[in-house]
2 protein chains.
Amino acid sequence: MKNNRNRQVILKSRPADIPQADNFEIIVSDVPDLRDGQILVQNIYLSVEPAMRGWVSSVANYSEPVRIGDVMRSFAAGEVLQSTHPDFKPGDRVMGMFGWQEFAVVGPGAVTRKVREDDLPLSLSLGVTGINGVTAYFGLLDVGQPRPGDTVVVSTAAGAVGSAVGQIAKIAGCRTVGIAGGPAKVAQCREQFGYDAAIDYKSGDIEAALVAACPKGIDLYFDNTGGAISDVVLRHLAVGARVVICGTASVSSWNPWPSGPRAERHLLVKRARMQGFVIFDYAPRFEEAIARLAQWLREGRLCYSEDILEGIEHAPGAIATLYRGENTGKRLIRIG
Amino acid sequence: MKNNRNRQVILKSRPADIPQADNFEIIVSDVPDLRDGQILVQNIYLSVEPAMRGWVSSVANYSEPVRIGDVMRSFAAGEVLQSTHPDFKPGDRVMGMFGWQEFAVVGPGAVTRKVREDDLPLSLSLGVTGINGVTAYFGLLDVGQPRPGDTVVVSTAAGAVGSAVGQIAKIAGCRTVGIAGGPAKVAQCREQFGYDAAIDYKSGDIEAALVAACPKGIDLYFDNTGGAISDVVLRHLAVGARVVICGTASVSSWNPWPSGPRAERHLLVKRARMQGFVIFDYAPRFEEAIARLAQWLREGRLCYSEDILEGIEHAPGAIATLYRGENTGKRLIRIG
């Protein structure tokens, strides 16, 4: 426990849009003593998510903003070192909202789950068998309701969520078309994640490529980007299409609120549905999804990619790297 | 049969956006002889719908555009004069796609339904027990899925569809807030159609009025307008809200395609759904809706308003009157 010293990443200032390294500060604190019912977790992996932009924003959102001076809210995975709670014992592997810090003293409410897949790397509990995997699973299957034969288009198709969406859609019998930025990610979409077609939105005519890849229109669009990419996709929906709004990564700021082509007439003419979801609403069903995802991993039907930075000093700048598209897989910080 | 002379309203030129009187021409033709299986209908009421703008548009749509020189596509209600089809006999009251003309020689495919509610005026078969009523019924109940206690907001709340939506939502146990243009329609919303609150979008601060009328947010928005009114409503959705896209009457042109505030983040943060529908998809279930609507009419639980013009010479300019908001009820042309 390094003499009870705990390095923590705190929110120093509220970013106007995408959080940058200088919005955070690394401080060193003492690890507090455990109160009754608490556990001490040593974090081994810290997660980095596009959604963290929203967590530090003061704009209306689905969760209270992280306060200035607080430890940055984050999923993390680690090991229980001490426990005064009957459900946890030293050595348990846990994943939860432990924040960007080395050690977390938390009550059981902060624990999302015990990680029981001992045959799989702990890091996966933050990715493909964690929040990204369950987001893909419920967003695609519950909100998107794919049918075999559907043409499914995924934006940020090589990302931690998108890559799982594409592969689960294939398992569900769909044809998959990925949209990603740059030739390396496009190749990864085709070769690693099995997309039937992949489109580089940074090069050439994305609309022509999309029409060529989706000759019967788009039955299901899993949207991680919003913005200009989605504007093109919406013009080519099939009748009865479903648009799943998972994130708006391509929109750099919602203050002022941006404008774009109106969507309502596409939805009317195509009898289409556009629906947003927030994965925390599915918390009671996480184990159902994780059991399936873990099984597909063991069977080799589901691949993943990780892009891990070493050391907590990389955390402050890590959210911005996602929005610059620098990561080539699930972005994690290893600190243990 | 007036010596076999048939006055017909034909499409003379394709309008850029809202069809005006000079896009049509009234001609006189002979009534053709019946071929085997056809019926001759004398139209008594011609319908006028906001959706007719789409039917004459060359822009992508849910139906083939009416061709230049063809009789204007329209619902109409009338009486069978002659029949060579075993399912129809002279005297039957029928409603269907008979077009803006005095006499229609059609096959059975043009007949939407026989009008069997002999205790109700024939004109209602084009309104509250016709396409407007079933649009309200399936749009609200099937697409919108209201729950008792929901706050339901309706745009064009005093219109042929909107007024039925508001009343059916009340029957379903919801609180209803209507948005309409001008003090007369607002009064009609409150007094005739039983809205709990009604807002005049032409006067004062519509956003402040909406917030005051919907202190817990909007659970269901039945949208007949699109555009600026909807932009305000979307800012005040409740978690889990459903937005039913029935029409886009407030958008005067889709060429060029208009822009507006992006909707995707509202849907994400509020886990909300926005869904379009086209009533023709529900044709196999029309009788189910009409039976309920007719019963509610007989029980006095459903009111309607009609605004009838006398004479086929009013048809050419009638669509434009809807978009100017001049009608105070379901707009019909009586010609029989």
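Residues numbered from 1 in each chain as written. Chains lettered and ligands numbered in written order. Predicted model: local features only at pLDDT ≥ 70, side-chain atom pairs only at ≥ 80, totals over all residues.

1. Notes on the relation of the copies chain B and chain A
Part 1 of the argument: With an RMSD of 0.0 Å, the fit of chain B onto chain A corresponds to turning through 180 degrees and sliding 0.0 Å along the axis. The superposition of one copy onto the other is thereby described by a two-fold rotation axis.
Part 2 of the argument: Taken together, the interface assignments show that 100% of the residues at the interface of chain B recur at the interface of chain A, consistent with an identical surface on both copies. (Least-squares fit on C-alpha atoms with pLDDT ≥ 70 in both. Contact = placed C-beta atoms within 7 Å.)

2. Some words on the pairing of strand 1 (residues 5-11) of chain A
Along any regular strand, the residues point their side chains to alternate faces of the sheet.
Residue and element names in this part refer to chain A.
Part 1 of the argument: Burial of strand 1 is extensive: 5 of the 7 residues sit out of reach of the surface.
Part 2 of the argument: For strand 1 and strand 2 (residues 24-30), the ladder comprises 7 bridges, and the chain directions are antiparallel. Bridge pairing links Val9 to Ile26 in strand 2. (Buried ≥ 20, exposed ≤ 12 C-beta atoms within 10 Å, placed from the backbone. Helix = DSSP H or I, 4+ residues; strand = E, 2+ residues; numbered from the N terminus. Pairing = 2+ DSSP bridges.)

3. Section: the interface of chain B and chain A
By a widespread convention, an interface's size corresponds to the accessible area lost as its parts come together.
Part 1 of the argument: Residue-level contacts link 30 residues of chain B with 30 residues of chain A.
Part 2 of the argument: Elements with a contribution of two residues or more to the side of chain B that touches chain A: strand 13 (259-261), helix 7 (264-269) and strand 14 (273-276) of chain B.
Part 3 of the argument: The element contributing the most residues to the side of chain B that touches chain A is helix 7 of chain B, with 5 residues.
Part 4 of the argument: Both strand 14 (residues 273-276) of chain A and strand 14 of chain B contribute to a ladder of 3 bridges, which runs antiparallel. Bridged to A:Arg273 within strand 14 of chain B is B:Gln275.

4. Some thoughts on the sheet that holds strand 14 of chain B
Two strands in a sheet stick together by hydrogen bonds in their backbones, pointing the same way (parallel) or opposite ways (antiparallel).
Part 1 of the argument: Strand order in this open sheet of 12 strands is 10(A)-9(A)-8(A)-11(A)-12(A)-14(A)-14(B)-12(B)-11(B)-8(B)-9(B)-10(B), and the pairing throughout is mixed. Since the sheet does not close on itself, it has two edges, and those belong to strand 10 (197-200) of chain A together with strand 10 (197-200) of chain B, each with one partner. When strand polarity is set aside, the average angle formed by the axes of neighbouring strands in this sheet is 15 degrees.
Part 2 of the argument: In terms of strand pairing, strand 8 (residues 151-155) of chain A meets strand 9 (residues 175-180) of chain A through 5 bridges, oriented parallel. Within strand 9 of chain A, the position partnered with A:Val153 by the bridge is A:Val177.
Part 3 of the argument: Along the sheet, helix 5 (residues 206-213) of chain A makes contact with strand 9 and strand 10 of chain A, crossing strand 10 of chain A at roughly 175 degrees. (Axes fitted to C-alpha atoms, helices over the stretch in contact; angles between N-to-C directions.)

5. Comments concerning the domain arrangement of chain A
Residue and element names in this part refer to chain A.
Part 1 of the argument: Domain boundaries in chain A define domain 1 (2-127 + 305-334) and domain 2 (131-279).
Part 2 of the argument: Using C-alpha coordinates to define each centre, domain 1 is positioned 29 Å away from domain 2.
Part 3 of the argument: Every contact between the two is made by 16 residues of domain 1 and, on the other side, 16 residues of domain 2.
Part 4 of the argument: Classifying every residue of the side of domain 1 that touches domain 2 gives 9 nonpolar, 5 polar and 2 charged. (Domains from an automatic or database assignment. Nonpolar A, V, L, I, M, F, W, Y, C, P; charged D, E, K, R; others polar.)

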